[in-house]
Amino acid sequence: MLSLVTKVINNIDTVYHQKKIFNVLKELNLKTVFDVGSHKGEFLSYIFKLDSIKNIHSFEPQKKVFAELEQKYSNKKNIILNNFGISDVDGSKNLKINRLTSTSTFSEIRENSIWFKLKNIILFSKNSIEDNYPVKLTTLDQYIHEKKITNIDLLKIDTEGHELNVLKGVEKSLDKKIVKYILLEANLTKMYKNYNIEDIENFLQRKYYKIVKKFKFPLLNFEDRLYVRKEF
């Protein structure tokens, strides 16, 4: 039954939700893309189809999931796969592996939240967190500096409540106007501690980003939001 539930959710994401996002992104002439939280390549499978793409930098911290990602994309010359986490600090942090691996997270979970309880019911589990292990972290500012990257057309972030940490870790690059578009997941539940979408919105406004479009995910209470730096 679990495999059926996850298959339905993943199919909605891949066949409907990601396709809806792709139909907007394909008009943006994207050349360099950063995919933070690649999971099994659901977003990559669409972005890779763009003729304009020159380089994709993928970041996925989960060990087993990354192995699947490697099988799919390790032979693609313009995709760089990285098996570590992205945050606002260098070091390490425990990663909570969820039974639904697309929702594994560095964030602290409100176990009494309605959405976490509902999630456990959907996944037929008393606690859908099945593992917990330390993962290497770095910042995008550090990665961008080491790789000598001067332009990112799209920074996509899907990190289950850790989005603001990722943004704080790329703040210097945002100030240097390296990043044109940002696509991130906005969680509209109260499942994660110390998470507030308004904090993310305020941060992006201070960095001169404005919202372009919202992509609501059917059935579940989150959406993806596309931002552009205001001078573009």
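One structure accompanies this document, and this report is about it. (Residues numbered from 1 in each chain as written. Predicted model: local features only at pLDDT ≥ 70, side-chain atom pairs only at ≥ 80, totals over all residues. Heavy atoms only, no water.)

## Describing the overall build of the protein
Along the protein, the regular secondary structure elements total 8 helices and 10 strands. For the protein, whose C-alpha radius of gyration is 17 Å, the value lies close to the compact-globule estimate of 17 Å for 232 residues. Taken along the three principal axes of its C-alpha coordinates, the protein extends 45 × 35 × 35 Å. Once local pairs closer than 6 in sequence are excluded, the contacts in the protein between residues at least 24 apart make up 69%. Element-wise, carbon and sulfur atoms account for 49% of the exposed surface of the protein, whose accessible area totals about 11700 Å². Taken as two groups, the 40 positive and 29 negative side-chain charges of the protein have centres that lie 2 Å from each other. (Helix = DSSP H or I, 4+ residues; strand = E, 2+ residues; numbered from the N terminus. Rg over C-alpha atoms; globule rule 2.2 N^0.38 Å. Contact = heavy atoms within 4.5 Å. Areas by Shrake-Rupley, 256 points an atom, 1.4 Å probe, with all protein chains shown as cover. Lys, Arg positive; Asp, Glu negative; His and termini not counted. Charge placed at Lys NZ, Arg CZ, Asp CG, Glu CD.)

## Some details on the pattern of salt bridges
Overall, the coordinates contain 10 salt bridges when judged by the stated rule. Between K177 and E231 there is a salt bridge, with the nearest N and O atoms lying 3.9 Å from each other. Highlighted residues: K177 in the loop between α7 (171-175) and β8 (179-187) and E231 in the segment after β10 (222-229), separated in sequence by 54 residues. Of the charged contacts in the structure, one is a salt bridge between E223 and R225, with a shortest N-O distance of 2.7 Å. An identical accessibility class is assigned to E223 and R225; each is buried. Here the residues in one salt-bridge network are E171, D175 and K207, joined through shared partners. (Salt bridge = Lys/Arg side-chain N within 4 Å of Asp/Glu carboxyl O. Buried < 20%, exposed > 50% of the residue type's maximum accessible area, 1.4 Å probe, protein only.)

## Observations regarding a nonpolar patch on the surface
Among the surface-exposed residues, L118, I121 and I122 lie close enough to one another that they form a single nonpolar patch of about 250 Å² accessible area. With respect to the element layout, L118 can be found in helix α4 (residues 114-122). (Patch = residues over 30% accessible without salt bridge, like charges linked within 9 Å, V, L, I, M, F, W, Y side chains within 5 Å.)

## Remarks on the sheet that holds strand β4 (residues 85-86)
By way of backbone hydrogen bonds, the strands of a sheet pair with one another, either parallel or antiparallel. Taken together, the 3 strands give an open sheet; going across it, the order is β4-β6-β5, and neighbouring strands pair in mixed fashion. Edge positions in the sheet fall to β4 and β5 (91-98), since each has one partner strand and no second. Of the pairings in the sheet, the one linking β5 to strand β6 (residues 129-138) comprises 8 bridges and is antiparallel in character. Within the sheet, the bridge partner assigned to N94 lies in β6 and is P134. (Pairing = 2+ DSSP bridges.)

## Points about the environment of T150
Looking at where T150 falls in the secondary structure, it is placed in the loop between α5 (140-147) and β7 (152-157). For the pair T150 and T32, spaced 118 residues apart in the sequence, the C-alpha separation amounts to 10.0 Å.

The quantities given are spatial measurements derived from coordinates; they are silent on function.
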